Amino acid sequence: MVECSNNLVGILNFFTFLLSVPILSAGIWLGKNAATECERFLDKPIVVLGIFLMFVSIAGLVGACCRVSCLLWLYLFAMFLLILLGFCFTIFAFVVTNRGAGEVLSDRGYKEYRVGDYSNWLQKRVSNVKNWDRIRSCLVYSNVCSTFSSRYASVTVNEFYKTNLNALQSGCCKPSNDCNFTYVSPTNWTKTTGPYTNEDCNVWDNKPGTLCYNCQACKAGLLDNLRNSWKRVAEVNIVFLVFLIIVYSVGCCAFRNNRKRRWR
C-alpha cells in the first residue's frame, strides 16, 4: 500500500510535469511573437499556469518518490488551494451565468441581445471602455463579420431574415431590427431617417472596421457567448474537481505513509 500510493502520486506528477512544459513554452512564445492585443492578453495567464503546474508536479514527484515529507506537504497544500479555487470558480460561474438569453423576433431566424439581460458582473466587463477597446480589436482581428459577410453574400433579404445567426453575428455584424434599415448585403445597409428608438442605430456604420462593433447589441452578443462558454467550463470543472479530490486523497495517503515509515 505504501509503495502503491507513492508510486501513483509519482506517476501522476510525472505526466503533469510533461504537460507543464508545452504550456509554459506556448505562453513564452505567445509573449514574444503575439501580433495583436488579443494574443498578448493570453500570454501571462498561460505562463503562470505553466509555472504553477511545473513547480507543483516537481514537489509531488520528488516528495513521493524520494519520500521527502516537506515537499509532499507543500504539494498537498497547493492541491488543496487548487481544489478550493476550482470549487469557488464553479459556484461563481454558475451564479454569473444564471441570467441572460436572446430575444426571439417574429419572422426572424435569429435572436437579438440586450446587455441588461445579463448579470451585473458580466455587464461591468463590457461597460469599461479600456476592456471593450481590447475586446473590440480582438473581434475585428478574428474576422467574425468578414467571414459572416462572405458566407451570406448571395442571399436575398428574405433568406437573410430566416438565417440562424450566432450571438456575435447578430449583435456585431448587422444593425438592430429596431432600426428598420434597408438590406443591401449582410454587412451593408441603407440607413433610414431618424430619430431612432435604439441608440445602436446611430452607431451603425457600413465600414468593415466599424459595423456595429461599438453597439450595445455587440456587447450583449459577446456576453451571451461568455455565458454559454462559462457554463460549459463550469460543468467540465466539476469532473476536474472530482479528479483532483481523488489525486489529493492518494497524496494524503502517501504523506501519511511517509510519516509512518519515518517513525518506524
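Keep in mind it's a predicted model, so treat the numbers as computed, not measured. (Residues numbered from 1 in each chain as written. Predicted model: local features only at pLDDT ≥ 70, side-chain atom pairs only at ≥ 80, totals over all residues. Heavy atoms only, no water.)

**Topic: the overall build of the protein**
Piece 1. On a plain count of helices and strands, the protein comes out with ten helices and four strands.
Piece 2. Each helix and strand of the protein, ordered N terminal to C terminal, gives the series α-α-α-β-β-α-α-α-α-α-β-β-α-α.
Piece 3. Rg of the C-alpha trace for the protein: 25 Å, well past the compact-globule value of 18 Å for 264 residues, more than 25% over.
Piece 4. By principal-axis analysis of the C-alpha atoms, the protein measures approximately 90 × 35 × 30 Å.
Piece 5. Residue burial in the protein is summarised as follows: out of 264 residues, 39% are buried. (Helix = DSSP H or I, 4+ residues; strand = E, 2+ residues; numbered from the N terminus. Rg over C-alpha atoms; globule rule 2.2 N^0.38 Å. Buried < 20%, exposed > 50% of the residue type's maximum accessible area, 1.4 Å probe, protein only.)

**Here we look at the domain arrangement of the protein**
Piece 1. Taken domain by domain, the protein comprises domain 1 (1–99 + 234–263) and domain 2 (103–222).
Piece 2. Summarising the inter-unit geometry, the C-alpha centres of domain 1 and domain 2 are found 40 Å apart. (Domains from an automatic or database assignment.)

**Side note on the side chain of Asp224**
Piece 1. Positionally, Asp224 belongs in helix α10 (residues 216–263).
Piece 2. The charged side chain of Asp224 is buried without a salt bridge, its nearest counter-charge being Arg227 at 4.2 Å.
Piece 3. If sequence neighbours within four positions are ignored, Asp224 has contacts with Ala101, Gly102, Tyr113, Tyr118 and Ala167. (Lys, Arg positive; Asp, Glu negative; His and termini not counted. Salt bridge = Lys/Arg side-chain N within 4 Å of Asp/Glu carboxyl O. Contact = heavy atoms within 4.5 Å.)

**What to know about the pattern of salt bridges**
Piece 1. Applying the stated criterion to the full structure yields three salt bridges.
Piece 2. Between Glu103 and Arg114 there is a salt bridge, with its nearest N and O atoms 3.5 Å apart. Pair noted here: Glu103 is in strand β1 (residues 103–104) and Arg114 is in the loop between β2 (111–112) and α4 (120–127), with a separation of eleven residues, a long-range link.
Piece 3. Looking at Glu103, the relative accessible area reads 35%, which means it is partly exposed.

**Thoughts on the state of the cysteines**
Piece 1. For the coordinates displayed, the defined rule picks out four disulfides.
Piece 2. Across the disulfide from Cys179 sits Cys201; the S-S distance is 2.0 Å. In this structure the cystine formed by Cys179 and Cys201 twists about its S-S bond by roughly -95°; its chirality is therefore left-handed. Taken together, the residues span a long stretch of sequence, with Cys179 in the loop between α8 (167–172) and β3 (182–185) and Cys201 in helix α9 (residues 200–203) at a distance of 22 residues. (Disulfide = S-S within 2.5 Å.)

**Overview of the packing of aromatic side chains**
Piece 1. Counted by the stated rule, this structure contains 15 aromatic pairs.
Piece 2. Centre to centre, the rings of Tyr183 and Trp189 are 5.2 Å apart; their planes meet at 85°, and the pair counts as edge-to-face.
Piece 3. A relative accessible area of 5% places Trp189 in the buried class.
Piece 4. The structure contains a cluster of three or more aromatic residues connected by ring pairs, namely Tyr110, Phe148, Tyr152, Phe160, Tyr161, Tyr183 and Trp189.
Piece 5. For the cation-ring pair, Arg125 lies above Trp121, with the distance from its terminal atom to the ring centre recorded as 4.4 Å. (Phe/Tyr/Trp six-rings, centres within 6.5 Å; stacked < 30°, edge-to-face > 60°. Lys NZ or Arg CZ within 6 Å of the ring centre and 35° of its normal.)

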